[in-house]
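# An overview of the molecular structure
These are the residues of each chain, in order.
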Amino acid sequence: QVHLVESGGGLVQAGGSLRLSCVASGSIFNIYRMGWYRQAPGKPREWVAYMTSGGLSNYADSVKGRFTVSRDNAKNTVYLQMNSLTPEDTAVYYCHVRTTSGGVADYWGQGTQVTVSS
């Protein structure tokens, strides 16, 4: 099992920035990728960004150029730096980890609310 704890959400004005953090603990060997999803009210959960254990990152088109995902492998932590936030970024943000030990497994954090006011 992998336990994920997120932090860093909050209320920010449009154009502002926030940094989310997610610390992984438990059976954290063979983490293939760490990243973020989000879910706005009334909408399905959508992928935002991830970074692999090899350092490759990928972003949804809606956040490309504004958000940056990074990892500290020594601390088993993934970050999401969010800049130039807009009200459309308002959502609950979920940390996501995929491991590959004995097969693929996905783990989720409890979510952290990000609200961007206009």
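In what follows, the structure referred to is the one given above.
The following paragraphs examine the structure supplied in this document.

Parameters and conventions
Residues numbered from 1 in each chain as written. Predicted model: local features only at pLDDT ≥ 70, side-chain atom pairs only at ≥ 80, totals over all residues. Heavy atoms only, no water. Helix = DSSP H or I, 4+ residues; strand = E, 2+ residues; numbered from the N terminus. Rg over C-alpha atoms; globule rule 2.2 N^0.38 Å. Buried < 20%, exposed > 50% of the residue type's maximum accessible area, 1.4 Å probe, protein only. Contact = heavy atoms within 4.5 Å. Lys, Arg positive; Asp, Glu negative; His and termini not counted. Charge placed at Lys NZ, Arg CZ, Asp CG, Glu CD. Phe/Tyr/Trp six-rings, centres within 6.5 Å; stacked < 30°, edge-to-face > 60°. Salt bridge = Lys/Arg side-chain N within 4 Å of Asp/Glu carboxyl O. Pairing = 2+ DSSP bridges.

### Regarding the overall build of the protein chain
Broken down by element type, the protein chain carries 0 helices and 11 strands. For the protein chain, the α and β elements follow one another from N to C terminus as β-β-β-β-β-β-β-β-β-β-β. Computed over C-alpha atoms, the radius of gyration of the protein chain comes to 14 Å, within 12% of the 13 Å expected from 2.2 N^0.38 for 118 residues, which places it in the range of a compact globule. Along the three orthogonal principal directions, the C-alpha set of the protein chain runs to about 45 × 25 × 20 Å. Taken over 118 residues, the protein chain has a buried fraction of 43%. Considering only intrachain contacts with a sequence separation of at least 6, the fraction spanning at least 24 residues in the protein chain is 53%. The positive charge centre, built from 10 side chains, and the negative charge centre, built from 7, are 3 Å apart in the protein chain.

### Thoughts on the packing of aromatic side chains
Inspection of every chain in the model, using the stated rule, returns 2 aromatic pairs. Ring plane angle 70° and centroid distance 4.8 Å describe the contact between Tyr37 and Trp108, whose orientation is recorded as edge-to-face. With Tyr37 in strand S4 (residues 31–39) and Trp108 in strand S10 (residues 105–108), this pair connects stretches of sequence that are 71 residues apart. Its relative accessible area of 17% is what places Tyr37 among the buried residues.

### Details of the pattern of salt bridges
Proximity of charged atoms lets side chains of opposite charge pair with each other. Applying the stated criterion across every chain yields a total of 5 salt bridges. In this structure, the salt-bridge partner of Lys64 is Asp61, at a minimum N-O distance of 3.1 Å. Given the relative accessible area of 47%, Lys64 is considered partly exposed. A residue is classified by how much of its surface remains accessible, and Asp61, at 67% relative accessible area, is exposed. When salt bridges that share partners are traced, they join Arg38, Glu46, Arg66 and Asp89 into one network.

### Looking at the pairing of strand S8 (residues 77–82)
Of all the 6 residues making up S8, 5 are buried; the element is thus mostly covered by neighbouring parts of the structure. Direction of pairing for strand S3 (residues 18–26) relative to S8: antiparallel, over a ladder of 6 bridges. The residue bridging Leu20 from the neighbouring strand is Leu80, located in S8. The turn joining strand S7 (residues 67–72) and S8, which pair antiparallel and follow one another in sequence, is formed by 4 residues; a positive phi near 50° is taken by Asn76.

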